[in-house]
Amino acid sequence: ELKVEQNPLFLSMQEGKNYTIYCNYSTTSDRLYWYRQDPGKSLESLFVLLSNGAVKQEGRLMASLDTKARLSTLHITAAVHDLSATYFCAVDGGATNKLIFGTGTLLAVQP
Amino acid sequence: DSGVTQTPKHLITATGQRVTLRCSPRSGDLSVYWYQQSLDQGLQFLIQYYNGEERAKGNILERFSAQQFPDLHSELNLSSLELGDSALYFCASSVEGISLPGAGDTEAFFGQGTRLTVV
């Protein structure tokens, strides 16, 4: 069964610093998603990564996918307070037709 | 606004009761997914429908059931409710089933959720 793990679970960082969130998954998949969730709110789609080596960037966030290592990263550059949220990766379960979410990473950016 | 509409936004009910959550997908989306989000379990996939047919099942309890109607809206029915069923229930929709061949960069868009509190 597909398992998706994220680390760290909680990340407290200062404004202006850089950091990376990691997403590991257990079975082969060619499609990975990153979502953002503000407290009590819905999930907002950030990135769709479709192939090995895919890299996408939006503002201070950059996501990449290594399908051979079954690893995706979400890199945060020069963090600002507005980036505080919970970030989820989700993996396409392929033949199972399931979109499986990771545990989430709660990011708190301190001024 | 994702275009996915869920009603009601909040629901408070007693143990043993039955409730129905409703989801209207984005216009043109054929696939609907239901998720349960709780503090201890995280985001759990419940069930997926594609164009009226059940496509995939996750950790959905036997007390729960869902369906997708001809107009593509979906309902999630929760019965014999227990305190532990209190959670945020999300519906998501996508144009194609995400795992279908040729789905490309299909992504799932989420509704605002229904917060269910069982007392």
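Up top is the structure.
**Student:** So what about the overall build of chain A? Which residues, and what values?
**Tutor:** A tally of regular secondary structure across chain A gives zero helices and eleven strands. Start at the N end of chain A and walk to the C end: the helices and strands fall as β-β-β-β-β-β-β-β-β-β-β. With the C-alpha coordinates of chain A rotated into their principal frame, the extents come out at 45 × 30 × 20 Å. The buried share of chain A, taken over its 111 residues, is 47%. If you take every contact in chain A between residues at least 6 apart in sequence, the share linking residues at least 24 apart comes to 54%. Taken as a whole, chain A presents about 5,300 Å² of accessible surface, with 50% of it coming from carbon and sulfur.

**Student:** Report on the pattern of salt bridges, specifying residues and quantitative values.
**Tutor:** For the structure on display, the rule yields six salt bridges over all chains. Between D38 of chain A and R36 of chain A there is a salt bridge, with the nearest N and O atoms lying 2.9 Å from each other. D38 of chain A sits in the partly exposed class, given a relative accessible area of 27%. Of the charged contacts, one joins E82 of chain B and R63 of chain B as a salt bridge, the two residues approaching to 3.7 Å between their closest N and O atoms. Taken together, the positions of E82 of chain B in the loop between β8 (74-78) and β9 (87-94) and R63 of chain B in the loop between β6 (53-57) and β7 (64-68) put the pair 19 residues apart, joining distant regions of the chain.

**Student:** Provide a residue-level description of the sheet that holds strand β1 (residues 5-7) of chain B, including the pertinent values.
**Tutor:** Residues and elements named next belong to chain B. Across the sheet, which stays open at both edges, the four strands sit in the order β1-β3-β8-β7 with antiparallel pairing between neighbours. Strand pairing shows two members of the sheet lacking a second neighbour, β1 and β7, which therefore form its edges. Direction aside, neighbouring strands of the sheet carry axes that sit 15° apart on average. Bridge count between β1 and strand β3 (residues 19-24): three bridges; the pairing is antiparallel. Pairing of Q6 across the sheet is with C23, part of β3.

**Student:** Can you break down the pairing of strand β6 (residues 55-58) of chain A residue by residue, with the values?
**Tutor:** Residues in a regular strand project their side chains so that they alternate between the two faces of the sheet. All names here are of chain A. In the sheet, β6 pairs with strand β7 (residues 61-66) via four bridges, with the strands oriented antiparallel. The residue of β7 that forms the bridge with K56 is A63. Here β6 folds back onto β7, and the loop between the two strands holds two residues, one of which, G59, carries a positive phi near 60°.

**Student:** Which residues make up the nonpolar core, and what values go with them?
**Tutor:** Ranked by size, the top nonpolar core spans 44 residues in total, and within it L32, W34, Y35 and F101 of chain A together with Y35 and F110 of chain B carry the most contacts. Ranked by residue count, the leading element in this core is strand β9 (residues 85-92) of chain A, at six residues. Other than its neighbours up to four places away in sequence, L32 of chain A contacts C23, Y25, F47, V48, L49, L65, S72, C89, A90 and V91 of chain A. Core analysis: the next-biggest nonpolar cluster, separate from the first, contains 20 residues, V4, V19, F64 and L81 of chain B among them.

**Student:** Can you explain the packing of aromatic side chains? Please cite residues and give values.
**Tutor:** Here the structure, examined in full by the defined rule, presents ten aromatic pairs over all chains. When the centroid spacing of 5.5 Å and the interplanar angle of 45° are considered together, the rings of Y35 of chain A and F101 of chain A count as tilted. Of this pair, Y35 of chain A sits in strand β4 (residues 32-37) while F101 of chain A sits in strand β10 (residues 99-101); the two residues are 66 residues apart in sequence, bridging distant segments of the chain. Through pairs of rings, three or more aromatic residues link up here, namely Y33, Y35, F88 and F101 of chain A together with Y35, F45, F90 and F110 of chain B.

**Student:** Help me get a handle on unusual backbone geometry, residues and values and all.
**Tutor:** Cis rather than trans, the peptide bond between N7 of chain A and P8 of chain A has omega equal to 0°. Here the residue pair T7 of chain B and P8 of chain B is connected by a cis peptide bond, since its omega of -10° sits within 30 degrees of zero. Within the secondary structure layout, P8 of chain B lies in the loop between β1 and β2 (10-13). Not every positive phi belongs to a glycine, and N51 of chain B is a case in point at roughly 50°.

Cut-offs applied
Residues numbered from 1 in each chain as written. Chains lettered and ligands numbered in written order. Predicted model: local features only at pLDDT ≥ 70, side-chain atom pairs only at ≥ 80, totals over all residues. Heavy atoms only, no water. Helix = DSSP H or I, 4+ residues; strand = E, 2+ residues; numbered from the N terminus. Buried < 20%, exposed > 50% of the residue type's maximum accessible area, 1.4 Å probe, protein only. Contact = heavy atoms within 4.5 Å. Areas by Shrake-Rupley, 256 points an atom, 1.4 Å probe, with all protein chains shown as cover. Salt bridge = Lys/Arg side-chain N within 4 Å of Asp/Glu carboxyl O. Pairing = 2+ DSSP bridges. Axes fitted to C-alpha atoms, helices over the stretch in contact; angles between N-to-C directions. Core = buried A, V, L, I, M, F, W, Y, C linked by side-chain atoms within 4.5 Å. Phe/Tyr/Trp six-rings, centres within 6.5 Å; stacked < 30°, edge-to-face > 60°.

Keep in mind these numbers describe shape, not what the thing actually does.
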